[in-house]
Amino acid sequence: MGEASKKAVIRHGPYPELTWPAVLVGYVLGCVIAISIGYAALILGFSIEGSELAAILGWGILRGAMRRTSIIENNINQTLASSVNGASAGMMFSVPALFILSSQYPGTTQFSPSLMVLTCITGGLLGLCFIIPLRKQMIDFNRLAYPGGIAVATILKSPGAGMRKCVILLCGAAFSGLVHVAIINLESVAGFLGASLDSGLLSFIHGGGSHRHVAVGEMFSLPEYLNLNVFISVMTVGVGFLSGRGGLWFGAGGFLCYFFLAPVVSSFGSEGVQGLVEQGPGALRGSLFRPAGIGLLIGAAVGSICFAAPMIRSAIRSMQESSKTKQASGAQDTRASAEMPVSLLYFGVSFGALALVALAYFSVPEMTLGRAVGVAVLGILWVWVAGVIVSECLGRTNWSPLSGMTLIAVTILILITSGIGDTPQIVASVMVGAAICVAISQAGDMMLDLKSGYLVGASPKKQQIAQFLGTWLGPIVVMSLIFVLHKSHGLGSDALPAPQGQALASMIEGIVGGDVPTHRYAAAAILGLTLALSGLGGIGVLIGLGFYMPFDIVLAYTIGNFLRIACDRFGGRTFVGDVGIPAAAGFIVGEALVGVGAAMVAVFG
């Protein structure tokens, strides 16, 4: 007892919070998480929140390696790390479209990477400046749930459990990484084991490099149009596990395509459609299912705005009420003095607006000042509206309509910039669209992290500073990652489908070329709109992505969904929270880091 008391740390004064260890660990973990989740987004078409991952790993480094025990210090680490990661979804949903469109519109890849990075940093800062004044009303007064923020706060409050979760996460990463190394080098592994890829069960493994699948349908002699192949990816299974039961809608879209629509058109379709069936599932997906998926995404995006109209009104009231209650609550709220000055945030908005005008003007030589102002004004308005929508949606449902907001924004920007030439029009629109997407992502992440801080007694001002400190690094990391992966695999390829980038590229191509396939999009768009208005947020987007994605990836993801359901039922919430979720997060990190490492070796080695 006496020996234990000698080792105990007796603190005097406030707990460490915004410290150099927290900042530096946040930068390191932010880079790792941005690379991992950004890589996963290029394969799956959607992103996941990185705050929980940062909190778990933060305990491993801050408590395990550095012997630091402050909960609010780890909260700063996860806030900064998730801020760095905020660029991964924002840029992975938009920038790849420029690379995918380069064959149709030469020169779209000749944009300035440094200008793209500066534009995305500007967007991120604007998103934070717009959303921070709503903190008190959304979190303190309205008490929005923010389920993701509650989950992070739970991790922060359990440092011992956090350490155990960190070990499990690292074991999951090691397992996932080793499996992916084996997949990439499958021929060598088979030779080492004295086996052949042309015989036995290995003969049913098709594909090459990092994208291989097991041809289950071929194994059981099922019709080819069922497209029953399973992507060999522990990471994809892990993402499905994290999504749980709600992710089944993603799988439902794929099954609807190949187990309902494909048999129907095979039996009753026109001669032309039946010809597609004879060509195999690739032709069916390219001519029928992908356009329907894009239509679903568009309809769901429009519907999400309609569905979020009450949330917009709520946010407007919040801004009005927050200004009225500021003085009344300031003397009673001990955290009031810990808020960033509103005048500084307004200055940030004004400076960011001028910077966005300048960046839009210099994005392409053909841009005129009038169009640059129009693009910037629209971008700023959309950042405010969409940022509020995403923050409210995350607060109420833990669902973010980020991809739909980006699709709509870039579509409008394309129309504003018409007349300066196809390639300049595309480059300028996607560049500003990427900034808008990063801004929306940062706004939602900021409110989620502030909810975690509220629950653990952190200083809002220090969290807000940490979020600003991380905003500049994410675009640099993600931009570098995009170029490396494109050079090694090619964005839009089977290895890196970049589904959101392809959907955006298809829309841009249709608008710029004056050949929008309305007859193929309309019915699916109505269905997506209906699903979005049903009140079940995100279903239209998930089903649309299920239509759009290669079915082998959808199947692997669905396996993860069912594993989560089984663990929930037979293992219980404690097992899932303490073991399942950290292991699944590790699956993402391990495979992603190996995949990115292999790409870097291919490019620079």
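Bear in mind the structure is a predicted one, so any value in this text is a computation, not a measurement.

## Considerations on the overall build of the protein
Consideration 1: Per the secondary structure count, the protein includes 27 helices and three strands.
Consideration 2: By the burial criterion, 57% of the 605 residues in the protein qualify as buried.
Consideration 3: A separation threshold of at least 6 residues defines the contact pool for the protein, and within that pool the share at least 24 residues apart is 83%.
Consideration 4: Just so you have it, the protein exposes about 23,800 Å², and 65% of that area is on carbon and sulfur atoms.

## Considering the sheet that holds strand E1 (residues 205-208)
Consideration 1: Spatial strand order, E1-E2-E3: three strands in an open sheet with antiparallel pairing. In this open sheet, the two edge strands, each paired with only one partner strand, are E1 and strand E3 (229-231). Pairs of neighbouring strands in the sheet enclose a mean axial angle of 25 degrees, with direction left out of account.
Consideration 2: Two elements, E1 and strand E2 (residues 211-215), share four bridges in a ladder whose sense is antiparallel. Note on E2: the bridge partner recorded for Gly207 is Arg212.

## Points about the confidence of the model for the protein
Consideration 1: Confidence in the prediction of the protein, expressed as mean pLDDT, is 82, and 85% of residues score 70 or more.
Consideration 2: Segment residues 1-6 is flagged for pLDDT under 50; beyond a separation of four residues in sequence, or across chains, it makes zero contacts in the model.
Consideration 3: Between residues 329-336, whose pLDDT stays under 50, and residues either more than four places distant or in other chains, the model counts 10 contacts.

## Looking at unusual backbone geometry
Consideration 1: Located in the positive-phi region is Ser221, a residue other than glycine, with phi close to 55 degrees.
Consideration 2: Overall, the relative accessible area of 66% leaves Ser221 in the exposed class.

## Thoughts on the pattern of salt bridges
Consideration 1: In the structure shown here, the tally under the stated rule is three salt bridges.
Consideration 2: A salt bridge links Asp568 to Arg564, with the shortest nitrogen-to-oxygen separation between them at 3.3 Å. Residue Asp568 and its partner Arg564 are both found in helix H26 (residues 551-570); the two are separated by four residues, about one turn of the helix.
Consideration 3: Among the residues examined, Asp568 registers a relative accessible area of 36% and is labelled partly exposed.

## Some details on the packing of helix H2 (residues 20-44) against helix H27 (residues 572-604)
Consideration 1: Viewed as axis vectors pointing N to C, H2 and H27 meet at an angle of 85 degrees, and their least axial separation amounts to 8 Å. When the axes of H2 and H27 are compared, the pair comes out roughly perpendicular. Of H27, the residues touching H2 (which contributes Val32, Ile35, Ser36, Tyr39 and Ala40) are Ile588, Val589, Glu591, Ala592, Leu593, Gly595 and Val596.
Consideration 2: Classifying every residue of the contact of H2 with H27 by side-chain character gives nine nonpolar, two polar and one charged.

## A few points about the environment of Thr109
Consideration 1: Among the secondary structure elements, Thr109 is positioned in the loop between helix H5 (96-100) and helix H6 (113-131).
Consideration 2: By relative accessible area, which is 22% here, Thr109 ends up partly exposed.
Consideration 3: For Thr109 and Val427, which are 318 residues apart along the polypeptide, the C-alpha to C-alpha distance reads 8.2 Å.
Consideration 4: Among the polar contacts listed, one links the side chain of Thr109 to the side chain of Gln110, at a separation of 3.3 Å.

## Observations concerning the packing of helix H12 (residues 234-243) against H27
Consideration 1: Where H12 contacts H27, the two axes come as close as 8 Å, and the packing angle between them is 145 degrees. Crossing of H12 against H27: the hand is left-handed. For the pair H12 and H27, the contacting residues are Val234, Met235, Gly238, Val239, Phe241 and Leu242 in the first and Val576, Gly580, Ile581, Ala584, Ala585, Phe587, Ile588, Glu591 and Ala592 in the second.
Consideration 2: Of the residues assigned to the contact of H12 with H27, the class counts are 12 nonpolar, two polar and one charged.

## Digging into a nonpolar patch on the surface
Consideration 1: A cluster of nonpolar side chains, contributed by Tyr361, Phe362, Leu369, Val373, Val377 and Leu381, occupies part of the molecular surface with about 580 Å² of accessible area.
Consideration 2: When residues of the nonpolar patch are assigned to their parent elements, the largest contribution, four residues, is made by helix H18 (residues 369-397).
Consideration 3: Along the chain, Leu369 turns up in helix H18.
Consideration 4: For Leu369, a relative accessible area of 54% translates into the label exposed.

## A few points about the pairing of E2
Consideration 1: Of all five residues that make up E2, four are buried, and the element is covered over most of its length.
Consideration 2: Pairing of E2 with E3, which is carried by three bridges, proceeds in the antiparallel orientation. Its bridge partner lying in E3, His213 is registered against Phe231.

## So, the packing of aromatic side chains
Consideration 1: All chains considered together, the criterion is met by 13 aromatic pairs.
Consideration 2: Measuring from ring centre to ring centre gives 6.0 Å for Phe99 and Phe111, while their planes differ by 85 degrees; the resulting arrangement is edge-to-face. In this pair, Phe99 is assigned in helix H5 and Phe111 in the loop between H5 and H6, connecting sequence segments 12 residues apart. The pair formed by Phe99 and Phe111 is uniform in burial state, with each residue classed as buried.
Consideration 3: Aromatic side chains Tyr361 and Phe362 sit 5.2 Å apart centroid to centroid with 80 degrees between the ring planes, which places their arrangement in the edge-to-face category.
Consideration 4: Pairwise contacts between aromatic rings join Phe255, Tyr258, Phe259, Phe289 and Phe551 into one cluster.

## Here's the deal with helix H4 (residues 71-92)
Consideration 1: The end-to-end C-alpha distance of H4 is 32 Å, a good match for the 32 Å that 22 residues give at a rise of 1.5 Å each.
Consideration 2: Largest kink in H4: about 25 degrees, centred on Val84.
Consideration 3: With respect to burial, H4 is a largely interior element, 21 of its 22 residues being buried.
Consideration 4: The N-cap residue of H4 is Ser70: its side-chain oxygen and the backbone nitrogen of Glu73 are 3.2 Å apart.

## Considering the side chain of Thr122
Consideration 1: Note on placement: Thr122 falls in helix H6.
Consideration 2: Assessed through its relative accessible area of 11%, Thr122 is described here as buried.
Consideration 3: Sequence-distant contacts of Thr122, that is, excluding residues within four places in its chain, are made with Gly352, Ala355, Leu356 and Leu359.

## Quick look at the nonpolar core
Consideration 1: Counting residues in hydrophobic clusters, the biggest one holds 141 residues, and the most contacted among them are Met91, Val95, Phe111, Met116, Ile426 and Ile508.
Consideration 2: No other element matches helix H20 (residues 422-456), which puts 19 residues into this core.
Consideration 3: Excluding residues that lie within four positions of it along the chain, Met91 makes contacts with Pro96, Met116, Cys120, Val438, Pro475, Val478, Met479 and Ile482.
Consideration 4: Among the nonpolar cores identified, the runner-up in size contains 24 residues, and Val25, Ile33, Ala54 and Ala173 belong to it.

## Brief notes about helix H21 (residues 460-471)
Since one α-helical turn is 3.6 residues long, residues separated by three or four positions face the same way.
Consideration 1: For H21, built from 12 residues, the straight-helix expectation of 16 Å at 1.5 Å per residue is met to within 8% by its first-to-last C-alpha distance of 17 Å.
Consideration 2: All of the buried residues along H21 are Pro460, Gln463, Gln464, Ala466, Gln467, Phe468, Gly470 and Thr471.

## Let's talk about the side chain of Arg564
Consideration 1: Residue class for Arg564 comes out buried when judged on its relative accessible area of 16%.
Consideration 2: If sequence neighbours within four positions are ignored, Arg564 has contacts with Phe241, Leu242, Gly244, Val576 and Ile581.

## Description of the environment of Gly38
Consideration 1: Within the element layout of this structure, Gly38 appears in helix H2.
Consideration 2: Residue class for Gly38 comes out buried when judged on its relative accessible area of 0%.
Consideration 3: Taking the C-alpha atoms as reference points, Gly38 and Ala592, separated by 554 residues in sequence, lie 8.7 Å from one another.
Consideration 4: Setting aside residues no more than four positions away along its own chain, Gly38 makes contact with Ile33, Ser88 and Met92.

Rules behind the numbers
Residues numbered from 1 in each chain as written. Predicted model: local features only at pLDDT ≥ 70, side-chain atom pairs only at ≥ 80, totals over all residues. Heavy atoms only, no water. Helix = DSSP H or I, 4+ residues; strand = E, 2+ residues; numbered from the N terminus. Buried < 20%, exposed > 50% of the residue type's maximum accessible area, 1.4 Å probe, protein only. Contact = heavy atoms within 4.5 Å. Areas by Shrake-Rupley, 256 points an atom, 1.4 Å probe, with all protein chains shown as cover. Pairing = 2+ DSSP bridges. Axes fitted to C-alpha atoms, helices over the stretch in contact; angles between N-to-C directions. pLDDT = per-residue confidence, 0-100. Salt bridge = Lys/Arg side-chain N within 4 Å of Asp/Glu carboxyl O. Parallel < 35°, antiparallel > 145°, perpendicular 65-115°, else oblique. Nonpolar A, V, L, I, M, F, W, Y, C, P; charged D, E, K, R; others polar. Polar contact = N/O pair within 3.5 Å; in protein donor to acceptor, adjacent residues only side chain to side chain. Left-handed = near helix turned anticlockwise from the far one by under 90°. Patch = residues over 30% accessible without salt bridge, like charges linked within 9 Å, V, L, I, M, F, W, Y side chains within 5 Å. Phe/Tyr/Trp six-rings, centres within 6.5 Å; stacked < 30°, edge-to-face > 60°. Expected span 1.5 Å × (residues − 1). Bend = angle between axes of the 7 residues up to and from the residue. Core = buried A, V, L, I, M, F, W, Y, C linked by side-chain atoms within 4.5 Å.

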